[in-house]
Amino acid sequence: MGLLTRTSLCFILMVLIQRQTVAFKIVSSSSVTHGEITRSAILNATLQACKEQALQQGKDFVEPKTLTEESLAAACSSPDSAKGFKRSITKIRDRNAWVDIHHVFDAEYHFDDESFLNGRDLITNGTSIVKASVRQQNYETAREKLGEILHTLQDFYSHSNWIELGNTRPYSNLIKPNTKIENIADSETCRSCVGNDCSNNILEYIITEKKLTSGYFSLSSPSKPKGKCSHGGLADFTSYIDPKGGINKDGTNSEHGNLHKQAAGIAIAASTELLEDIRAAIGDSEFLRLMGFTQKSVLCFVIDTTSSMSDDIAEVKRVTASIIDSKLDSGNQPSEYILVPFNDPDFGPLTRTTDPNTFKSKVNALTVSGGGDIPELCLSGLQLALTGSPPQSEIFVFTDADAKDTWLKSTVLALIERTKCSLNFMLTNALSARRRRSGERPRTDQPNFSIRLSNPLNKIYHDLAQASGGQAIEVTKETLSQATSIIGNTTAASLVTVLQAVRNPAKAETFSFLVDSTLQNLTIYITGNSLFYNIISPSGASQSSDQKNGAVGIIQTVGNFQTVHPNIADLAGVWLISVNSEEPYTIKAFGKSPIDFLFDFVELSDNYQSYAVLNSRPSADGNLTLIVSMVGGDIVRPTEVALIGASNSNAYNGTLKDLTFSVFLATFDSVPAGEFFVRVTGMNTSRASNGLFQRQSSIQLQASSIKVTTQPPESLEPGRILTLPFTVATTGSGGNFIISVSNDRSLTVINVPASLTLEDQGSANGTVTLPVPGNTPSGSSVTVTIEAAAPGGNDFNYAVLRLAVAAPVTDLTPPVCEVVSINANCSGNCSLSSWELLVNMSDKNGLGIQSVTIRQGVGSLNTSSVLDQGVNITMAFYTASCCFPQVELVMVDAEGNVGLCFKSLVSNATQHHPVLTAFFWLNFAIILLFQFMQL
């Protein structure tokens, strides 16, 4: 049979996605899915990381009875990290699913067609990118690549005959680039199935000689090498010719579905093994950061450093010191600090640190200069902050100038929608730019003067704040300190939004929102000029905006920004806010709660069998799907997911489908016109009564009639040029669509078309060429945004791509160790005696050992480096109590190759040391038993 027509191929692809025969299923009620395999492996590896970290810190660790994101975060003494942990698992899981949409035809991504060598290269090269990305603190890039390689690794156990060969453990050579993939079958491997029975279709000699094979798969041609096994399934054309049938174990109804559970179990073990290799290379602290454990709150400042900003920067320094000092001993310090300065013509660099004192010094070192032409590169600084901050961060911008780089507005909007970060602007240019620059001070002796101030040049900041769910606060320099309390309020951990509303143009309206019993520290922000409002609590207490201290709470006003702090003991119930204003305004109600939700728009195949998270706005054609992950454990279930119009609060309800482990799909057959929010209402089943809750997204979202798609992005190599094809399509009218491309590393983008001409409901292709400087560090990332704007500019869409920069890896050999001596004096009471270990460690022809850490064991470790005949040798000296007679040292070289050095005093005792006494062993057993009972 020749090549199929495009129509036939599309039909077959629909069948494929319906039947989901190319991998472990993505969505299934009867089979173990890729998402479940991935989640289980991450929970396993994170559990071990927390255990080891607690052991090294001398802390107790109580393993949860039921392993969930929430229970593990609590066991790891970081309950506020549950949301970040869930977000990281979600990112990795979703990128795993992405492979089945974007690499469906690529055999090496699934170990089809006996592509064992290429498949292993994908895994090992991808693992190097993950390790390098973490070293550069590019955690989102690392998570994406980790999801991709986990998919390929997991498919090996479903698509090959590894299980049929009787193996019960992972094939470790798949994650070791310096080993061989052994005994690949070089001749016929299968016979045709008898009817529907494919249980014995693999030839006997393949089994007895332990030959490795996998199924062939094709959507377009039935051809395959003579006598080779097929993948199988309705969409696999190769399975219709001899030998007919297949060997995949993707689900319980697959040709080898009787082995599905075994394949899934070993896939979990293999995924855990890969995660353990990454954990060994980067260390437990960085591994936990990769898993989102410390990303509970982030302090991110984007600061104008032009000459007129001296007063503002002094306030930033004061606020920074105040926040750090006030939270120093409370355990609520921000987990990460980010600083991006900007002026004109410069912006950046981005500084990231976990050390509060380092951040203090960086802020204190800021100096001001220049700024003669007033507008500054604020949006360029924001672009850098948005791509460098963790998702859902609160970013604070300090400036007294309008934006010079307004052409980046749509890019910043795209990044807001993709990262779900909130932007809060502290604007001290309330008067005209002319007056501010001339040095004339504003009068502040007029009643409510600052409330009426508004600079039209700030419109772009107001637009971005509204889109992100943040605030644009206009104050004078004298009153800036009164507004910075917002920073402490919004950088607390576990914050959730229950109401977000924007009215532009303004209109009188009454808003309601539900506060559940888990929500604490309720705070209400209202931004606008010349407005009046009245708040009614669930108990009926009422307070108007002109009462600064009333029956509901305390109202603080500075500039155009008002904060309401309710002081009512029982917050639970329905709250009402009636607003009357002639000017635009925003309302945000939020608090602290363990219950929240994560969401993304997805491209969904028929019958919910596969999906890929969109890197763009969803389609405005009325077919929209969200994947929703609930935070708060199995006790939390959504009863309704709705899209809420930002300008009118009209609700568009979706149809819910329960997937697994608090993950749901919500599908919509209509979409609000213009901006909208996502709202989830649900039930907390742990509450005997009144367990209802309400949560809402902060950022505004929007659908588009334009679609921008790209080919699956490759990693970038320093010193090379990447060509990235893209397609722009429209479901509406054609015309001349304006194209713009930007990136966050100021790389020169070349050969970009200024525009593309589309027919009605048509499409057109373009390319982006991106040279990468040769000195770009491996592990860096470049975020590229490709935008297309419709004629007239009333609609635009984008594709946001996060590309990894990876230099070729030449050192594939892990470090090795050699014992120099073991000395022990273990007799009697083990706690009163100790032992010593001295080992030499070398990286052979590599760049040397970068780190040595204790993986197993409780003791002290000291290292030193020497040069022995031109080879760098690391000498490690380890001492420990005889109560802990084993140690495993982890050696990591510059390329991230991991070597393990395991030594046991017990195994060496009879050869090198006096025999341990029976009394010692009795002591040792008693201590182990006591420790076990403690766990």
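Residues numbered from 1 in each chain as written. Predicted model: local features only at pLDDT ≥ 70, side-chain atom pairs only at ≥ 80, totals over all residues. Heavy atoms only, no water.

## A short note on the overall build of the protein
Selection criterion: Starting at the N terminus, helices and strands are each numbered in turn, a helix being any DSSP run of H or I of at least four residues and a strand any DSSP run of E of at least two. We call a residue buried when its accessible area falls under 20% of the maximum for its residue type, exposed when it is over 50%, and partly exposed in between, using a 1.4 Å probe and counting protein chains only. Contacts: residue pairs with any heavy atoms within 4.5 Å of one another. To be clear on the numbers: accessible area is Shrake-Rupley with a 1.4 Å probe, and residue cover counts the displayed protein chains and nothing else.
Each helix and strand in the protein was counted, giving 20 helices and 38 strands. Going through the 935 residues of the protein one by one, you find that 58% of them count as buried. Counting contacts in the protein only where the partners sit at least 6 residues apart, residues at least 24 apart contribute 72% of the total. Working note: accessible area of the protein is about 37,200 Å², and carbon and sulfur atoms make up 50% of it.

## Section: the packing of helix 2 (residues 34–56) against helix 6 (residues 139–159)
Which entries qualify depends on this criterion: Lines fitted to C-alpha atoms define the axes here, with helix axes fitted over just the stretch in contact, and angles between the N-to-C directions of these axes take values from 0 to 180 degrees. For this classification, under 35 degrees means roughly parallel, over 145 means roughly antiparallel, 65 to 115 means roughly perpendicular, and everything else is oblique.
Remark: helix 2 packs on helix 6, axes separated minimally by 11 Å, with the N-to-C direction vectors making an angle of 105°. If you check the angle between helix 2 and helix 6, you find them roughly perpendicular. For the pair helix 2 and helix 6, contact is made by His34, Ile37 and Thr38 and by Leu150, His151, Gln154 and Asp155, respectively.

## Details of the pattern of salt bridges
Pairing between side chains of opposite charge can happen when their charged atoms approach one another. Stated formally: Any carboxyl oxygen of Asp or Glu that lies within 4 Å of a side-chain nitrogen of Lys or Arg is treated as forming a salt bridge with it.
In the structure shown here, the tally under the stated rule is 37 salt bridges. Close ionic contact of glutamate 276 with arginine 279 constitutes a salt bridge, the shortest N to O distance being 2.7 Å. Taken together, the positions of glutamate 276 and arginine 279, both in helix 8 (residues 260–282) and three residues apart, correspond to about one turn of that helix. Arginine 279 carries the same exposure label as glutamate 276, and that label is buried. The shortest N-O distance in the salt bridge between lysine 360 and aspartate 325 comes to 2.9 Å. With lysine 360 in helix 11 (residues 356–364) and aspartate 325 in helix 10 (residues 310–326), this residue pair connects regions lying 35 residues apart in the sequence. Judged by its relative accessible area of 44%, aspartate 325 is partly exposed. A single salt-bridge network, built from bridges that share partners, covers Lys91, Glu140, Arg143 and Glu144.

## Comments concerning the state of the cysteines
What counts, and what does not: The definition used for a disulfide is geometric: two cysteine sulfur atoms within 2.5 Å.
Inspection of the entire model under this criterion finds six disulfides. Linked covalently through their sulfurs, cysteine 190 and cysteine 229 form a disulfide whose S-S length is 1.9 Å. Taking the sign of the S-S torsion, 90° for the link of cysteine 190 and cysteine 229, the bridge is right-handed. Remark: cysteine 229 occurs in the loop between helix 7 (204–208) and helix 8 and cysteine 190 occurs in the loop between helix 6 and helix 7; sequence separation between them is 39 residues. On the accessibility criterion, cysteine 190 (7% relative accessible area) is buried. Overall, the relative accessible area of 0% leaves cysteine 229 in the buried class.

## Digging into helix 8
Applied cut-off: For a helix, the expected span equals 1.5 Å multiplied by the number of residues minus one.
A rise of 1.5 Å per residue sets the reference length of helix 8, with its 23 residues, at 33 Å; its end C-alpha atoms lie 33 Å apart and thus fit the reference within 8%. Counted residue by residue, helix 8 has 18 buried out of 23 residues, so it is predominantly covered.

## Quick look at the sheet that holds strand 18 (residues 624–631)
Rules: A pair of strands is treated as paired once DSSP finds two or more bridges between them.
Ordered in space as 17-16-18-22-21, the five strands form an open sheet in which the pairing is antiparallel. Two strands lie at the open edges of the sheet, namely strand 17 (611–613) and strand 21 (655–660), each paired on one side alone. The mean inter-strand angle of the sheet, taken between neighbouring strand axes irrespective of direction, is 35°. Sheet topology places strand 21 next to strand 22 (residues 663–668); five bridges connect them, and they run antiparallel. Looking across to strand 22, one finds that aspartate 658 is bridged to phenylalanine 664.

## Quick notes on the nonpolar core
Soluble globular proteins tend to bury their nonpolar side chains together. Our working definition: Buried Ala, Val, Leu, Ile, Met, Phe, Trp, Tyr and Cys residues that are joined via side-chain atoms within 4.5 Å together make up what is termed a nonpolar core.
In this structure, Leu146, Phe156, Tyr157, Met291 and Phe293 are the most contacted members of the largest nonpolar core, which totals 61 residues. Among the elements of the structure, helix 2, helix 3 (69–75), helix 4 (82–102), helix 5 (116–135), helix 6, helix 8, helix 9 (284–290) and strand 37 (886–893) are those that each provide at least two residues to this core. Ranked by residues supplied to this core, first place goes to helix 8 with twelve residues. Ignoring sequence-local partners within four residues, the contact set of phenylalanine 293 consists of Thr46, Cys50, Leu72, Ala73, Cys76, Ser78, Ser81, Phe85 and Leu288. The next biggest cluster of nonpolar side chains, apart from the first, holds 57 residues, and it includes Ala385, Val412, Cys421 and Val671.

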